[in-house]
Every structure is written in C-alpha cells, then in structure tokens.
Amino acid sequence: MSADEKRSVLLEIFHDSGEFYQLKDLERIAAKEKGLKEQLVKGLLQSLEDEGLVEAGKIGQSTYYWSFPGKRQKIKQLESEELQRKVKNCDSKIEDLRRKVEEAKNNQAQSSKAAETFEELKVLQEKEAKLQAEIQILKKEDKGSLKQMKQSLPKLHEAANRWTDNIFGIKSWCRNKFNIEEKAIDKQFQIPPDMDYLE
C-alpha cells in the first residue's frame, strides 16, 4: 500500500466506527483488522492530525483521537471558498488595471509606468486563469462529496448527539469522582457552556 492508501485505511477506522481511540487501541485495531504495521500508525496518525483530518484531545493523562467523515469535505469547501475569494480579489484588481490602461490610452502617455501596468495586468490575468482552473477541479470533486455529505448527515447528527451524551457522561463522572465544578471542567477542556444535543 502507498502512504496515502495507508492514511485512508486509518481514516476508515474512525469513520466506520464513529468512535474515539487512544494510540495503543488504534495500533491494535489497525494491525488486526486492516493489516497495517503497528509501528507505522503513530506516524500516519501524526500526518493526518497535521492536515486537520484527525483531531486529538487530552483527558487526564490520556490522549484520544477522533475524526468525522464530513471533515475532509469541510476542508475542501474552505479551500474552494478561499480560492473564490482570491479570484474575486484578482478580478477587482484586473478591473482596476483595465481602467488605468484605458486612462493611459486616452492620455496617450507612453511611459515606463504604463509598461509596468501592462505587465502587472498580464501577471494577474495568468493568476486568475490558474485560480479559475483550480476552482473547476474543486467543483468537480465537490459534486460527489456534497451528495455523500447529504447522505451521511443523519449518521453525523446521531454521532454528534452520541458524542454530546458522552461528554455529559464524562463531565458527570469527573464531577462525582473528583469533586470538580462543572465550570472548571468546561474551562479546562474548552467545552462551550451552551453545548446541547442537536435537534
């Protein structure tokens, strides 16, 4: 398997189960069910975490990892929005440069500044063409992922409520076991005070 295939296999473990794991559990499952070598899991997990496809959080001394299927689509959507913003910005600059070119033509001022403006216009047009091509690629990719995202919404909704229930359970356990105030738990683990189940 290539490195990307191994990373996809590791992501499947999270997405198929909808659970969170400690590293040792993940290494065991990856080796037993997916045929990955245990010593590779930590590096693959780190690369997925660096890309924002897997998240990690500490609870006491333990570190837990999790990933939801919609995360990859969200990253692509944000990339697409950022590219569109850049294209819009470039369009605005090109329009401004065209106006300046027209003014230069009307004044028939042949100067080095006019040559610089033409060069800048050319560079921005090339940049716009490149960004437009990237947007087209992302749009093609997003059509399939949008359909998949809509199909997975009920599962994600159910998983979100399950995780909310888990968080409430852990908070209750910590409160009872260690006599910690709920506000302190929320602050320590950055849990919003208005967190509630999805309807």
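Residues numbered from 1 in each chain as written. Predicted model: local features only at pLDDT ≥ 70, side-chain atom pairs only at ≥ 80, totals over all residues. Heavy atoms only, no water.

1. Some details on the packing of helix α2 (residues 23–34) against helix α3 (residues 38–50)
Each packed pair of helices is defined by two parameters, the angle between the axes and the distance between the axes.
Okay, step 1: Axis separation between α2 and α3 bottoms out at 9 Å; the angle between their running directions is 120°. Judged on the interaxial angle alone, α3 and α2 are oblique. In this structure, α2 meets α3 at a crossing whose hand is right-handed. Contact residues: α2 offers Leu-23, Leu-26, Glu-27, Arg-28, Ala-30 and Ala-31, while α3 offers Glu-38, Val-41, Lys-42 and Leu-45. (Axes fitted to C-alpha atoms, helices over the stretch in contact; angles between N-to-C directions. Helix = DSSP H or I, 4+ residues; strand = E, 2+ residues; numbered from the N terminus. Parallel < 35°, antiparallel > 145°, perpendicular 65-115°, else oblique. Left-handed = near helix turned anticlockwise from the far one by under 90°. Contact = heavy atoms within 4.5 Å.)

2. Quick notes on the nonpolar core
Okay, step 1: Counting residues in hydrophobic clusters, the biggest one holds 17 residues, and the most contacted among them are Leu-10, Ile-13, Phe-14, Leu-26, Leu-45 and Val-54.
Okay, step 2: No other element matches the 5 residues that helix α1 (residues 3–17) contributes to this core.
Okay, step 3: If near-sequence neighbours (up to four positions away) are discounted, Leu-45 is found in contact with Leu-10, Phe-14, Leu-23, Leu-26, Val-54 and Tyr-65.
Okay, step 4: Core analysis: the next-biggest nonpolar cluster, separate from the first, contains 11 residues, Leu-83, Ile-94, Leu-97 and Leu-138 among them. (Core = buried A, V, L, I, M, F, W, Y, C linked by side-chain atoms within 4.5 Å. Buried < 20%, exposed > 50% of the residue type's maximum accessible area, 1.4 Å probe, protein only.)

3. Considering the UniProt feature "domain: Mnd1 HTH" (unreviewed entry) in the protein chain
Okay, step 1: Here the UniProt feature "domain: Mnd1 HTH" (unreviewed entry) sits at residues 10–69.
Okay, step 2: As annotated, residues 10–69 has a helix share of 55% and a strand share of 17%, and its two end C-alpha atoms lie 12 Å apart. (UniProt positions renumbered as here; feature names shortened; annotations may be inferred.)

4. Observations regarding unusual backbone geometry
Okay, step 1: We note that Asn-179 has phi near 55°; this positive angle belongs to a residue other than glycine.
Okay, step 2: Here Asn-179 shows up in the loop between α5 (112–178) and α6 (182–188).

5. Brief notes about α1
Okay, step 1: Under the 1.5 Å per step criterion, the end-to-end length of α1 is 22 Å for 15 residues, consistent within 8% with the ideal 21 Å.
Okay, step 2: Within α1, the full set of buried residues consists of Arg-7, Val-9, Leu-10, Leu-11, Ile-13 and Phe-14.
Okay, step 3: Gly-18 occupies a position one or two residues after α1 and carries a positive phi of about 70°. (Expected span 1.5 Å × (residues − 1).)

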